[in-house]
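# Reading the structure
The primary structure of each chain is shown beneath.
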Number of protein chains: 2
Amino acid sequence: MPQKFDYKPLLSRAAPAEPQFARARARYDFSVGYAEPTSVPIEGLWQGLRDCMREERGPGLALYPPAGGYEELRELVVRKLARDRGMHVTKDEIVLGHGSGQLIRDVIALLVDPGDTVISEEFFYVGTLRHMRYYGADVVGVPMDEEGMRADELARILGELSSRGKKPKLMYTIPSYQNPWGSMMSLERRRAIVDVVREHGVPVLEDDCYVDLRYEGDTPPPAMCSLDDSGQMMYVSSFSKIVGPGVRMGWVAVPREMAGRLNAIRMDGGPNQLAAMALAGYLSDDMYPHIDEVSAIIREKRDAMLSALGEHFPPTCRWTKPKGGLFLWLELPEGADTQVLHDKAFEAGVGYAPGVIFSPSGDKRNCLRLCFSYMSPEDIRQGVRILAEVFEREGALRA
Amino acid sequence: MPQKFDYKPLLSRAAPAEPQFARARARYDFSVGYAEPTSVPIEGLWQGLRDCMREERGPGLALYPPAGGYEELRELVVRKLARDRGMHVTKDEIVLGHGSGQLIRDVIALLVDPGDTVISEEFFYVGTLRHMRYYGADVVGVPMDEEGMRADELARILGELSSRGKKPKLMYTIPSYQNPWGSMMSLERRRAIVDVVREHGVPVLEDDCYVDLRYEGDTPPPAMCSLDDSGQMMYVSSFSKIVGPGVRMGWVAVPREMAGRLNAIRMDGGPNQLAAMALAGYLSDDMYPHIDEVSAIIREKRDAMLSALGEHFPPTCRWTKPKGGLFLWLELPEGADTQVLHDKAFEAGVGYAPGVIFSPSGDKRNCLRLCFSYMSPEDIRQGVRILAEVFEREGALRA
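Residues numbered from 1 in each chain as written. Chains lettered and ligands numbered in written order. Predicted model: local features only at pLDDT ≥ 70, side-chain atom pairs only at ≥ 80, totals over all residues.

## A short note on the overall build of chain A
The helix and strand tally for chain A stands at ten helices and 15 strands. Counting only residues that meet the buried cut, chain A has 57% of its 399 residues in that class. Restricting the contact set of chain A to residue pairs at least 6 apart, pairs at least 24 apart contribute 78%. (Helix = DSSP H or I, 4+ residues; strand = E, 2+ residues; numbered from the N terminus. Buried ≥ 20, exposed ≤ 12 C-beta atoms within 10 Å, placed from the backbone. Contact = placed C-beta atoms within 7 Å.)

## Topic: the sheet that holds strand E15 (residues 367-371) of chain B
Residue and element names in this part refer to chain B. The sheet built from four strands is open, its strands ordered E11-E12-E15-E14 with antiparallel pairing. Looking along the sheet, the strands with just one partner apiece sit at the ends: strand E11 (318-319) and strand E14 (353-354). Examined bridge by bridge, E14 and E15 share two bridges and lie antiparallel to one another. Across the sheet, residue Ala 353 finds its bridge partner in E15, namely Arg 369. (Pairing = 2+ DSSP bridges.)

## Overview of the interface of chain A and chain B
Listed as interface residues are 85 residues of chain A and, on the opposing side, 85 residues of chain B. For the side of chain A that touches chain B, the elements supplying multiple residues, two or more each, are helix H1 (42-57), helix H3 (99-111), helix H4 (126-134), helix H7 (256-266) and helix H8 (273-312) of chain A. Among the elements that make up the side of chain A that touches chain B, the one with the highest residue count is H7 of chain A (eight residues). Residues that form the side of chain A that touches chain B fall into these classes: 48 nonpolar, 22 polar and 15 charged. (Nonpolar A, V, L, I, M, F, W, Y, C, P; charged D, E, K, R; others polar.)

## A word on the domain arrangement of chain A
Residue and element names in this part refer to chain A. Entries for chain A in the domain assignment read domain 1 (25-40 + 290-393) and domain 2 (42-286). Each of domain 1 and domain 2 was reduced to a C-alpha centroid, and the two centroids are 25 Å apart. Domain 1 puts 27 residues into the contact, and the matching count from domain 2 is 30 residues. A total of seven residues in the side of domain 1 that touches domain 2 trace back to one element, the largest contributor, which is H8. A class-by-class count of the residues in the side of domain 1 that touches domain 2 yields 14 nonpolar, nine polar and four charged. (Domains from an automatic or database assignment.)

## A short note on the sheet that holds strand E10 (residues 250-253) of chain B
Residue and element names in this part refer to chain B. The strand order E2-E10-E9-E8-E7-E3-E4 describes an open sheet built from seven strands, whose pairing is mixed. Two strands lie at the open edges of the sheet, namely strand E2 (94-97) and strand E4 (138-142), each paired on one side alone. If you compare each strand with its neighbour and ignore which way they point, the axes differ by 20 degrees on average. Pairing of strand E8 (residues 204-207) with strand E9 (residues 233-238) involves four bridges; the strand directions are parallel. Along E9, the bridge assignment pairs Val 204 with Met 233. Against the sheet, helix H3 (residues 99-111) touches E2, strand E7 (170-173), E8, E9 and E10, its axis set at about 155 degrees to E9. (Axes fitted to C-alpha atoms, helices over the stretch in contact; angles between N-to-C directions.)

## Some details on unusual backbone geometry
All names here are of chain A. Note the cis peptide between Asn 179 and Pro 180, where omega equals 15 degrees. You will see that Lys 364, though not glycine, has its phi angle at about 60 degrees, which is positive. Looking at where Lys 364 falls in the secondary structure, it is placed in the loop between strand E14 (353-354) and strand E15 (367-371).

## Topic: the pairing of E7 of chain B
Residues and elements named next belong to chain B. Neither face of E7 is exposed, since Leu 170 and Tyr 172 on one face and Met 171 and Thr 173 on the opposite face are all buried. Judged from the two bridges that link them, strand E3 (residues 117-121) and E7 form a sheet pairing that is parallel. Directly across from Val 118, in E7, lies its bridge partner Leu 170. Here E7 runs beside E8; their pairing, made up of three bridges, is parallel. Bridge assignment links Tyr 172 to a residue of E8, and that residue is Leu 205. Chirality of the crossover, the property in question, places the unit of E7, helix H6 (residues 187-200) and E8 among those that are right-handed. (Right-handed = clockwise from strand over helix to strand, strands pointing away.)

## Some thoughts on the packing of H3 of chain A against H4 of chain A
Residue and element names in this part refer to chain A. At a minimum axis separation of 10 Å, H3 and H4 run at an interaxial angle of 30 degrees. In the packing of H3 onto H4, the handedness of the crossing is right-handed. Residues Gly 101, Ile 104, Arg 105 and Ile 108 of H3 pack against Gly 127, Thr 128, His 131 and Met 132 of H4. When its residues are assigned to classes, the contact of H3 with H4 shows three nonpolar, four polar and one charged. (Left-handed = near helix turned anticlockwise from the far one by under 90°.)

## Section: the relation of the copies chain A and chain B
Superposition record for chain A on chain B: RMSD 0.0 Å, screw rotation 180 degrees, translation along axis 0.0 Å. These values place the two chain copies in the arrangement generated by a two-fold rotation axis. Both copies present the same face, since 100% of the interface residues in chain A are matched by interface residues at the equivalent positions in chain B. (Least-squares fit on C-alpha atoms with pLDDT ≥ 70 in both.)

## With respect to the confidence of the model for chain A
The predicted model of chain A has a mean per-residue pLDDT of 96, with 100% of residues at 70 or higher. Interface confidence in the predicted complex, given as ipTM, is 0.95; pTM for the same model is 0.97. (pLDDT = per-residue confidence, 0-100.)

## Some thoughts on helix H5 (residues 151-163) of chain A
Residue and element names in this part refer to chain A. When the terminal C-alpha atoms of H5 are compared, their 18 Å separation across 13 residues agrees well with the 18 Å that a helix rising 1.5 Å per residue should span. Buried within H5 we find Ala 151, Leu 154, Ile 157 and Leu 158. For H5, the buried positions fall inside an angular range of 125 degrees around the axis, keeping them on one side. Within H5, the exposed residues directed more than 90 degrees away from the buried face are Asp 152, Gly 159, Glu 160 and Ser 163. Where H5 is buried, its residues touch strand E4 (138-142), strand E6 (148-149) and helix H6 (187-200). After H5 finishes, the residue Gly 165 shows a positive phi value of roughly 75 degrees. (Expected span 1.5 Å × (residues − 1). Arc of directions from axis to C-beta.)

## What about the environment of Thr 320 of chain A?
All names here are of chain A. Mapped onto the elements of the fold, Thr 320 is located in the loop between strand E11 (318-319) and strand E12 (327-331). For the pair Thr 320 and Ala 151, spaced 169 residues apart in sequence, the C-alpha to C-alpha distance is 20 Å. Setting aside residues no more than four positions away along its own chain, Thr 320 makes contact with Trp 181, Gly 182, Ser 183, Leu 328 and Trp 329.

## So, the environment of Pro 9 of chain B
Residue and element names in this part refer to chain B. In this fold, Pro 9 is placed in the segment before strand E1 (28-29). A residue is classified by how many C-beta atoms lie within 10 Å of it, and Pro 9, with 7 of them, is exposed. Along the backbone, Pro 9 and Val 40 are 31 residues apart, and their C-alpha atoms lie at a distance of 45 Å.

## Some thoughts on the environment of Thr 316 of chain A
Residue and element names in this part refer to chain A. Counting through the fold element by element, Thr 316 comes out in the loop between H8 and E11. The exposure class assigned to Thr 316 is partly exposed, which follows from the 14 C-beta atoms found within 10 Å. It is 9.5 Å that separates the C-alpha atoms of Thr 316 and Glu 334, two residues lying 18 residues apart in sequence.

## Examining the pairing of E12 of chain A
Residue and element names in this part refer to chain A. Counting buried residues along E12, four of its five residues qualify, which places the element largely inside the surrounding structure. Relative to E12, E11 is paired through two bridges, and the arrangement is antiparallel. If you follow Arg 318 over to E12, its bridge partner there is Glu 331. Two strands pair when backbone bridges link them, and E12 and E15 are joined in this way by five bridges, in the antiparallel orientation. Looking across to E15, one finds that Leu 328 is bridged to Leu 370.

Here it is, written out as structure tokens:
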């Protein structure tokens, strides 16, 4: 199409500054939380779709999907949350969405006006941070330790905000296999955080997208959401990590009135019924064997990454050793700038996510996130070796 | 989940006033633009999905979908627009989305700030009207005749706005088988409208969702978008009407930079890859035979509705006789209020859409929209008969 007409003077204030086009991916791509590719259940998904369609629910595609989404998939989520996360909800409290991202966005849209304060970890999922900023939120990060968000720091920050007359509209947190750190929060810490937010009346959205992918250690504690009996805690998760982001299907568990408000604000015709049928058909029989299979494959990849880091990175660097999830967090010596180094690494064939993109304050430029779920163990070893070479050559590994 | 915690005091200004829950559908449901249900290509969709997945594109589900969406489906859209609509675009100018609705919303979000003026028909698709209002637009409706939007009235309104220093950010229009009227705009009218908007520098989003469903008369004129060589005209359509809304897949054709901005503002991880694969696999061979099949079925339904209206509604009422699409527009005598009558009809088993929901000004309370694509011809005859009885009983058919 011709481009003579100039749209620029007509753009809204919310319009992104730059257009975004398809980008090349690095040969050794550790940048994005992709799913494990060799285990995508291709056969299972289309068998599942066929089964659901044959049960005379196919003509349902002629309708707009029901509010909240395909009932069979919501029922499966209800069973999963009871079995795995200590949560007892009904299907009317589940809303399906286009990945967890749409639901996170819509929860933010329901609560946040420009200038409102929201809370999260010191470093957290960049997609949520972007939505918070789009809606004009003032984002405050809570310092973390090896368990993730610190309860004492949260209490301090909420106290300070309160003394200035500010009450956050929302707290977002990832207690299990946190993105980007990979940290796991203990049951005790979860309880402490629930106590703090209840004292301050701040609603919470718990993001539990990674909890199914466990490689070692104890079963994760129950969801933070299960520790509350007031409805103050909301919960979001996704099929992107155990099946694949291409299915674009996530869910929230929220009190019924909030579910109704999410249905009302989405104005998108409802969640994809075709993808929901394929997932419900497949996962109703095969979810847990599939999770075991995926976890076993990624465990090897995580081990390959940890051993390659030990082999190629000097003691001036530190990294987390996640027991589950997709990511680890690598800290270079002070003074290194992983956003500047990013282009050098990309030219050498390695992709990663600079740590600063996860930070509401823009601090800590010497960190980066590596995803270990997508590449093969052999490619992980190669990629980590090349990455260390690039950083060494650029002088980024010396304290 | 418990509902003790009160979210109400925390809601944003944009939060919908009322939660929305699943609603019962009427026995004779003419209220929503559903697809034809007996022809949903169940077998074709899962065969299509299997074909695309087998061609080693299945592991692609482990990635986030590419910016703009599944390439094979965008290429199919490019070929379709060239063959059917006189439009010559490249795949980089196509962006897939969650139905046409997401794309309409995102085009509005890119252009409209609160208080900006937008233009459309006097009555138009309620989904678009809701998005316009969500983004705070001042919506101006242009009077219509049997061809849809009037060019002379558009020129008058743009002139008046201009004399008050106002230039609309966007014009949205449905030239082919308009929703809710079912009107078809001639080539001459399309040219006249393009001339007016070019004179005033107002960008246009042409919604062409219904054009494939033709029951009589000439092939529709080329898209309004094809009559412009400046990039000022954008185009949106969908697979919802020829396959089913449950697949949630629409597309826009826009200049490349606007495509990049749509990719940037969506922040949703990309269009559903699973549904795109199923559609691309199925439609690459079977699209036109399927469109013929669906059109033949709906033609009978439209005929049933027109003859039932003739049989049961008196000369005090008027209705449109659409040559394609899904909808007709029924005008009762002045004084009737179709929003009040709606509940009476629903109790008697008949659902329709009150005309006023399509009107930016809220005028004309004596009209309603009937969808003829979903119910069987027999149910259409029954439903229209019952509807006339209810209206007669309520005194709404007397002039």
